[in-house]
Amino acid sequence: MRLRGAQGGARMKRYGMTIDIDRCNGCGACMVACAVENNIPPEIEADERKGITPIRVYQIDNGEEQPNRRTAFIPMLCQQCGEDTPCVHVCPQQAVDIDPETGIVGQMAERCLGCRYCMAACPYHARYFNWWDPKWPAGMEASLNPNVAPRQRGVVEKCNFCHGRRHAAMEKAAAGRKDIDPADYVPACAEACPSGAIRFSDLNAQAAPADSFRLLEKLGTEPKIYYRSKKDWVKRNG
Amino acid sequence: MTTTRRTAVKFIAGSAVGVLFTPAPWRLVRDTALWSENWPGIPRPKRGPISAKTTFCTLCPAGCAVRARCVGEQPVAMAGVNGGLCPLGVTGHHLPYYPGRVKQGPVEEARAAVAKADPSKKVAVLDLRPGRTASAIYRKAMEERGGVYLAPPQPGASVNLAAAKSVVSVGAPLLEGWLPPAEVFAVRDRFRLVQIEAELSRTAALADEWLPQADVAAVARRLEGPVLVIDRTMSAATIEMNKALGGWGKTVQAGPATGAASLASVADGSIGLLYIDETNPGQYIPWPEIEPKLAADAVTIVFAWSREGYGRHAKFVLPTAVFPEALDDLPNGRVTTPLMKAPVGVVDPVEFIAKASLADALQEVKPKDEAGWLTPYTGAFDATAAALSTKLYQESKLLLGPGQVAVGPAAGLAENDAAFLSTSRGKLPVRVVVDAGLPAGKARFLATPEVLDLCGSEEPRVVRA
């Protein structure tokens, strides 16, 4: 499928991220902020396989022993593929789509049947099956984000660049008959990152730095998440 | 035409096949999916006017400025005002709903026990967050009553990273919560960081240069000045080295004085009444170090919102407000205002101990912040108190969780092995996490009060169960 709208045009956006691996200290603020923003409940029984972490920080290393060993942290989220998006192709319910105005790959929980074809198709393992009923500790439901509906178990979840924030920014922009102010639309992970490693932007307005790279570029999925590092071994792993 | 059994079966089978060629089953599936996403069992977020409130986070002494997005009076999200927030700060508005929270306590019984406490013994206050207005009130109250004001040891100096061209860190976790992370990373590109530490820590991984072992003075001399040398506690030796490098007053200055007596200076068995203000946890002093100072019939009253700290050892645990509910200030003079109401039944420790009003005293507080100068904090809140922190240690391997200990491959233990954390005081059961970045003989663990009570200043051993 060719993505028409996101290719250009004065009013079209191409939202993406630049993640500086050399600044990420693996604190996990992005993961927690994402869960808060998207009303992902704490699940006592969840583990690495069954937890829902639309952005997950992995520790990678250069494979050598001490004292030559080096490590880095790499935040992984939906890479927001731009071309031949595997998850869109395989979904039998059209529950996954690409917004031609923004390039954001969206996931509609209301349509999802939980077949998990998209999880199998995603080369980045950035999709998570929701195994649990949405439950919070007593009283904590009062602190849920009103812009995002909690999802029932049995659906697939992924990063959608905080669609609740985008809609809030669109409402604000529409009231003033203006375009979205970039300061009004920043996903929770980028906002929370204390080291400033995650930068969110419209790639049509601000291109990714020339020294950045994308994961599994050879697949031709044209991700919109760009990574940066000065370390050669990190680039090789990428 | 007569209806036979055969025609009935043909009709049913034909209908079953035919319906597949209509939109009905697909519409049914879709509607079922829609309905299941909206059924009554799913919590409905509260709707209402959205507003923003700002305050300062008191979950650690850094006191980051935070902006809370609120629906009505209820905070639903937290964000940093000057950059990002740590994982705990992001979930600060969840803490009032912590399942282990203390909401009721034996207040009248505690007052009666105070009245009956042996007057020949001393009264003492242990303040885990010295430097606040509440701390000054405690200190004054203890002076008036001939009591003792106690606080955990504080770092010996404040540092100014923005004034340094090079930083030599001797095991200080500079990039992982030793100073406010957003403020450190705001100036990170301006200095070269050399980390001297046997373990490949996160700071070591992000440093410009990592040296497992080195002569600190020699490293400092070869770097471009001004050079700042730091260690975890800003020890006297490190301060002297900074003075020798000409950094005193430029990159390093004396830390804020707390006016607290050291626990070692208190005679054994001399305290008859001990108050512990654990509302804003700081560095935890192991209980085995406190216990000998108490008289046999001593009364201990802990002010806390969870029983997991000193509450495990005290007869009286009185509930207090937690961060987004509490009115308080920080050692740097920032005043935090409540974002939401505290539940009925919480106790104000200042009023209970000193019979003074913190709210009145806070009206006179003036900001003490000095641009660029930051005071390290060695004890902070246990991050696992946040319900969503399971994302960090259970659903990923970013942090160590409660009951986990990390060892190097040389320890001969495998991932998830059962083991004990062992010291001369006893042992605790733990699960092993293997971290190839740890050198032989070194273990890393979550410094919970239970573990600190076991270890004290002793380096624990990890032994196979």
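Residues numbered from 1 in each chain as written. Chains lettered and ligands numbered in written order. Predicted model: local features only at pLDDT ≥ 70, side-chain atom pairs only at ≥ 80, totals over all residues.

Asker: Give a detailed account of the overall build of chain A, specifying residues and quantitative values.
Answerer: For chain A, the count of helices and strands is 6 helices and 9 strands. Taken over C-alpha atoms, the radius of gyration comes to 18 Å for chain A, in line with the 18 Å a tight globule of 238 residues would show. Principal axes of the C-alpha set define a box for chain A whose edges measure 55 × 45 × 35 Å. Scored against the burial criterion, the 238 residues of chain A give a buried share of 45%. Long-range pairs, those at least 24 residues apart, make up 67% of the contacts in chain A with a sequence separation of at least 6. (Helix = DSSP H or I, 4+ residues; strand = E, 2+ residues; numbered from the N terminus. Rg over C-alpha atoms; globule rule 2.2 N^0.38 Å. Buried ≥ 20, exposed ≤ 12 C-beta atoms within 10 Å, placed from the backbone. Contact = placed C-beta atoms within 7 Å.)

Asker: Outline the domain arrangement of chain B, supporting the account with residue identities and numerical values.
Answerer: Residue and element names in this part refer to chain B. Taken domain by domain, chain B holds domain 1 (50-97), domain 2 (157-254) and domain 3 (400-464). Taking only C-alpha atoms, the centre of domain 1 and the centre of domain 2 are 29 Å apart. Counting from both sides, the interface comprises 7 residues of domain 1 and, opposite them, 5 residues of domain 2. Taken together, the residues of the side of domain 1 that touches domain 2 break down into 3 nonpolar, 4 polar and no charged. (Domains from an automatic or database assignment. Nonpolar A, V, L, I, M, F, W, Y, C, P; charged D, E, K, R; others polar.)

Asker: If you had to explain the nonpolar core to someone new, which residues and values would you point to?
Answerer: Counting residues in each nonpolar core, the largest one holds 162 residues, and the members touching the most others are Ala 29, Cys 30, Ala 33, Cys 189 and Ala 192 of chain A. At 8 residues, helix α1 (residues 29-37) of chain A tops the list of elements feeding residues into this core. A domain split of this core shows at least three residues from each of domain 1 (50-97) and domain 2 (157-254) of chain B. When neighbours within four sequence positions are excluded, Cys 189 of chain A is seen to be in contact with Cys 30, Ala 33, Cys 34, Ile 55 and Ile 198 of chain A. The next biggest cluster of nonpolar side chains, apart from the first, holds 19 residues, and it includes Phe 445, Val 451, Leu 454 and Cys 455 of chain B. (Core = buried A, V, L, I, M, F, W, Y, C linked by C-beta atoms within 7 Å.)

Asker: Outline the confidence of the model for chain B, supporting the account with residue identities and numerical values.
Answerer: Per-residue pLDDT for chain B has a mean of 89; in total, 97% of the residues score no lower than 70. Interface confidence for the predicted complex, given as ipTM, is 0.90, next to a pTM of 0.90. (pLDDT = per-residue confidence, 0-100.)

Asker: Break down the sheet that holds strand β7 (residues 166-170) of chain B for me, citing the residues and quoting the values.
Answerer: Residue and element names in this part refer to chain B. With parallel pairing, 4 strands are arranged side by side in an open sheet as β9-β8-β7-β10. Strands at the two margins of the open sheet, each flanked by one partner only, are β9 (209-211) and β10 (227-231). Adjacent strand axes in the sheet meet at a mean angle of 15 degrees, parallel and antiparallel pairs treated alike. Strand direction decides the pairing type here: β7 and β10, joined by 5 bridges, are parallel. Residue Val 167 lies in a different strand from β10, and its bridge partner there is Leu 228. Of the strands in this sheet, β7 and β10 touch helix α10 (residues 236-244), which is tilted by about 175 degrees from β10. (Pairing = 2+ DSSP bridges. Axes fitted to C-alpha atoms, helices over the stretch in contact; angles between N-to-C directions.)

Asker: I'd love a proper account of unusual backbone geometry, names of residues and values included.
Answerer: Pro 67 of chain A follows Gln 66 of chain A through a cis peptide bond whose omega is 5 degrees. Residue placement: Pro 67 of chain A occurs in the loop between β2 (55-61) and β3 (71-77). Omega for the peptide link from Gly 225 of chain B to Pro 226 of chain B comes to -5 degrees, which places this bond in the cis form. Secondary-structure assignment places Pro 226 of chain B in the loop between α9 (216-222) and β10.

Asker: Before we move on, could you go through the interface of chain A and chain B and cite the residues and values that matter?
Answerer: With 56 residues of chain A in contact, the opposing surface of chain B contributes 53 residues. Residue assignment for the side of chain A that touches chain B shows that the elements contributing at least two residues are α1, β2, β3 and α5 (188-192) of chain A. Sorting elements by how many residues they give to the side of chain A that touches chain B places α1 of chain A first, with 7 residues. Residue classes in the side of chain A that touches chain B are distributed as 28 nonpolar, 14 polar and 14 charged.

Asker: Got a sec to walk through the pairing of β7 of chain B? Specific residues and values, please.
Answerer: Residues and elements named next belong to chain B. Counting buried positions along β7 gives 4 out of 5 residues, so the element sits mostly inside the fold. Note that β7 and strand β8 (residues 192-196) share 5 bridges and pair parallel. Note that in β8 the partner of Val 170 across the bridge is Ile 196.

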